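Here is how the chains run, residue by residue.
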Amino acid sequence: MKNNTWNRIKKMVWPYRKTVVLVTIIAILIDIIALAKPYLIRLVISECLDKNVYGKGIVTVTTISFTYIVFVILENILDYFNRKKSYSIGENIIFDLRNKLFKYMEKANVKFHDKVPSGKLFVRIMSDTEDVYTLFSDVVTTFAKDIFILIGIITIMIYISFKLAMLSLIVIPLIIISSYILTKLLNKAFTNVKNARTKLNTFFAESIYGVKLIKVFNRQKEKQEECEKNTTEFLEAIKPMGYLQGLLPATMSLIENLGISIIIWAVVSKVVGAEIDVGIVYMFTTYLKNMFDPINRMIENVEIVEEAVTSIDKIYEIIEDEDCLENFETGKCLDKIKGKIEFKNVWFAYEKDNWILKDVSFTIEPGQSIALVGKTGSGKNTIQNLINRFYTIQQGEIIIDGVNIYDINLEYLRKNIGTILQDPFIYAKSIKDNIKLFNEIDDETIKEAVELSSATNFINSLDNGLDEIAKERGNTFSAGQKQLLAFARIFALDPSIFILDEATANIDTTTEELIQKSVDKLSKNKTSIFIAHRLATIVNVDKIIVLSNGEIIEQGNHEQLVKSGGYYSSLYSAYYNSLV
Ligand code: ATP
Ligand code: MG
């Protein structure tokens, strides 16, 4: 185990160190009882039954029986507490890890999310943390118990009869070797099952998600065949699990009985001394049986530990990477953002030297509205990303109200910018919560925001109005209705800068009119930036910026640009002709 993995484990367990110590102490107490039980029975057999001393022995037998029952009750009570406490360690650690990962994810910059795919992140949060859970609730807490009982058994055996102990322990290498081989095979089979399951899961998830597409293209039959192929693969993978799982107990039982036979043979054929009586034979065979579980468990645990260590490293590689975190603490908060935005010779590349913005300069005065126009991939959304400070530029300056954007407090900056994305995300929460978006906003403001965003009719048409719970990702709402909700979000927050990435989806004329009304209201007194896909919306803006390949090729208002006869004017005449 690497040194820093060890430190990470220590860090995880440290808050629960007292519970770990308690669990270990309880485990050792359980071991002592487990060791004492065969010894008690041996006493009854050797001292009372074997010597036929019932008269004297009645008291002894009664005492021993009573002690035995007390031990069994105590053992079970202790075992209950031990499990409860062990699970609580694992549960608390998984709780901490998931929260840490989620907190990191929320604070991580967009670059991190570009780099780490969401599926991977999901595995880290859900399944890697489960591995760590198993480590702490099963392995760590049983390890001390298993070691202690093995040492105890071997010591007592040697103490009673060295020769018989050695003979009994002959089977140990057999247990270790066969258990090792079978566990290896089982783990391999398990990995295959896991892979087949992941494939099957992905297939089903994708198929359910893309069910409409399949219908549209009439591919049900092909999908059915693919499904059969995947389920067959899964079946093939899971088959070996069955017989291996049956083989393991059978093999162990065989070795166990071999061990017992050796003990009986040794006693009967007087290979060991004559002092061995039936009580001792009973004790040795029981101890031998008691050794199987801990040995098996320890061998199985090797794999669990390996998996958990890999998972811990994967998790911590994420949460210890501070380069990907956004800094919300430092930076200036201005009195009130007026909304002047300047780009001064900005050069920007997502990846080294692949320049997406090349020497871009423009100014937007407070309260002005501008539109970004350009072919696909020209850099419109990149400009939006930079104003939201999702990325750091390589050269030049972005200045808001005279302050460099990278000197402004990030939380404050984002609070003052309201962005409407093309396909607004709708949570499976009430409409009201979707508008509030985890902010403290009173009902009055929400009502006003709904009114201003022209979403009143739409919301009133829902059975439960503002309290209606949205279905997954707002699937039952139209693109236009989702946009209206997104507008209500912005009205409720009232930022100084408003960015709209116009929906490309077709929106019916009535909703489009409603949206236009909202846009007009929102852009009043606010600096507004439109990433425009439909030219009709931008005819009235103060300035149109035309981008091509990351460079500004034209700037001006609609009349100026049409008159100049450049790219925009050709775009506009094409659009105009299509209307006629
Ligand atoms: P569209 O009209 O199609 O939405 P756009 O003008 O909004 O296009 P951008 O999204 O700004 O274009 O993309 C500009 C260029 O940057 C594209 O070539 C794109 O491939 C690249 N790009 C965008 N996002 C990233 C990213 N996260 N990592 C790397 N490259 C990116
Ligand atoms: Mg875009």
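See above for the structure.
Just so we're clear, the structure is a prediction, and the values are computed from it rather than from any experiment.

**Points about the overall build of the protein**
- The helix and strand tally for the protein stands at 19 helices and 10 strands.
- For a compact globule of 580 residues, the expected C-alpha radius of gyration is about 25 Å, and the protein comes in at 36 Å, more than 25% above that figure.
- For the protein, long-range pairs separated by at least 24 residues make up 79% of all intrachain contacts whose partners lie at least 6 apart in sequence.
- If you average the places of the 66 positive and of the 70 negative side-chain charges in the protein, the two averages end up 3 Å apart.

**A word on the packing of aromatic side chains**
- Here the structure, examined in full by the defined rule, presents 14 aromatic pairs.
- Ring centres 5.4 Å apart and planes at 80° place the aromatic pair tryptophan 347 and tryptophan 355 in the edge-to-face group.
- Taken together, a centroid distance of 6.3 Å and an interplanar angle of 15° make the contact between tyrosine 568 and tyrosine 572 stacked. Of this pair, tyrosine 568 and tyrosine 572 both sit in helix 19 (residues 567–579), separated by 4 residues, roughly a single helical turn. There is no split in this pair, since tyrosine 568 and tyrosine 572 are both buried.

**Focus: the environment of lysine 432**
- Here lysine 432 is to be found in helix 13 (residues 431–436).
- According to the relative accessible area criterion, lysine 432 is buried, its value standing at 19%.
- Lysine 432 sits 15 residues away from lysine 447 along the chain, and the two C-alpha atoms are 9.2 Å apart.

**Re the site of ligand 1**
- In the vicinity of ligand 1 lie 13 residues, with Thr376, Gly377, Lys380, Asn381 and Thr382 positioned nearest.
- Within the contact set of ligand 1, an oxygen atom lies 3.0 Å away from a backbone nitrogen or oxygen of glycine 379.
- In this structure, asparagine 381 approaches ligand 1 through a side-chain N or O atom, which is 2.5 Å from an oxygen atom.
- Coverage of ligand 1 by the protein amounts to 64% of the 640 Å² it exposes when considered alone.

**Quick notes on the pattern of salt bridges**
- A full pass over the atoms with the stated rule returns 21 salt bridges.
- Salt-bridge contacts for arginine 8 lead to glutamate 320; the nearest nitrogen and oxygen are separated by 2.9 Å. Of the two residues, arginine 8 is situated in helix 1 (residues 3–13) and glutamate 320 in the loop between helix 10 (278–319) and strand 1 (341–349); the sequence distance between them amounts to 312 residues.
- Overall, the relative accessible area of 7% leaves arginine 8 in the buried class.
- In this structure, the salt-bridge partner of arginine 414 is glutamate 326, at a minimum N-O distance of 2.8 Å. Placement of the pair is arginine 414 in helix 12 (residues 410–415) and glutamate 326 in the loop between helix 10 and strand 1, with a sequence separation of 88 residues.
- Overlapping salt bridges bring together Arg8, Lys11, Asp313 and Glu320 as one network.

**Some points on the nonpolar core**
- Core analysis: the largest hydrophobic core is formed by 44 residues, its most contacted members being Leu164 and Phe284.
- Broken down by secondary-structure element, the contributors of at least two residues to this core are helix 2 (17–49), helix 5 (118–160), helix 6 (162–168), helix 7 (171–209), helix 9 (220–268) and helix 10.
- A total of 12 residues in this core trace back to one element, the largest contributor, which is helix 9.
- With residues near it in sequence (within four places) discarded, leucine 164 still touches Ile263, Ala266, Val267, Val272, Ile276, Ile280 and Phe284.
- Counting residues in hydrophobic clusters, the runner-up holds 40 residues, among them Val450, Leu462, Leu485 and Tyr572.

**Topic: the side chain of serine 378**
- Here serine 378 is to be found in the loop between strand 3 (369–374) and helix 11 (380–387).
- Reaching out from serine 378, the side chain makes a polar contact with the backbone oxygen of lysine 375 at a distance of 2.7 Å.
- If sequence neighbours within four positions are ignored, serine 378 has contacts with Ile356, Leu547, Ser548, Asn549 and Gly550.

**Examining the sheet that holds strand 5 (residues 403–404)**
- If you trace the 4 strands from one edge of the open sheet to the other, you get 2-1-4-5, paired in antiparallel fashion. At either margin of the open sheet sits one strand with a lone partner, and together these are strand 2 (355–364) and strand 5.
- Two elements, strand 1 and strand 2, share 6 bridges in a ladder whose sense is antiparallel. When the sheet's bridge partners are listed, alanine 349 is paired in strand 2 with tryptophan 355.
- Lying over the sheet, helix 11 contacts strand 1, strand 2 and strand 4 (395–400), oriented at roughly 115° with respect to strand 1.

Conventions we followed
Throughout this document, residue positions are counted from 1 along each chain, in the order its sequence is written. Just so you know, chain letters begin at A and ligand numbers begin at 1, following the order they were written in. Totals for whole chains, interfaces and linings use all residues, but because this is a predicted model, local features are given only for residues with pLDDT of at least 70 and pairs of side-chain atoms are given and counted only at 80 or more. Excluded from the side-chain calculation are hydrogens and water; included are all heavy atoms of the structure. The numbering of helices and of strands both runs from the N terminus, where a helix is a DSSP run of H or I of at least 4 residues and a strand a run of E of at least 2. With the radius of gyration taken over C-alpha atoms, the globule rule is written as 2.2 Å times the number of residues to the power 0.38. We call two residues contacting when some pair of their heavy atoms lies within 4.5 Å. Working convention for charge: Lys and Arg count positive, Asp and Glu count negative, and His plus the chain ends are omitted. We put the charge of a Lys on NZ, of an Arg on CZ, of an Asp on CG and of a Glu on CD. For Phe, Tyr and Trp, where Trp contributes only its six-membered ring, two rings pair if their centres lie within 6.5 Å, and the inter-plane angle classes them as stacked under 30 degrees, edge-to-face over 60, or tilted in between. The buried label goes to any residue with under 20% of its type's maximum accessible area, the exposed label to any with over 50%, and the partly exposed label to all in between, with areas taken from a 1.4 Å probe on protein chains only. Note on definitions. A residue lies near a molecule or strand when any single heavy atom of the residue is within 4 Å of it. Identification of polar contacts relies on pairs of N or O atoms within 3.5 Å, with a donor-acceptor requirement for protein atoms, meaning one able to donate a hydrogen and the other able to accept it, and with residues adjacent in sequence counted only if both atoms are side-chain atoms. Throughout, the Shrake-Rupley method with a 1.4 Å probe supplies accessible areas, and for residues the shown protein chains are the sole cover considered. One speaks of a salt bridge when a side-chain nitrogen belonging to Lys or Arg is within 4 Å of a carboxyl oxygen belonging to Asp or Glu. Note on terminology: a nonpolar core comprises buried Ala, Val, Leu, Ile, Met, Phe, Trp, Tyr and Cys residues joined through side-chain atoms within 4.5 Å. A strand pair is defined by DSSP finding two or more bridges across the two strands. As a rule, the C-alpha atoms of each element are fitted with a line to give its axis, helices using only the stretch in contact, and angles between N-to-C directions run from 0 to 180 degrees.

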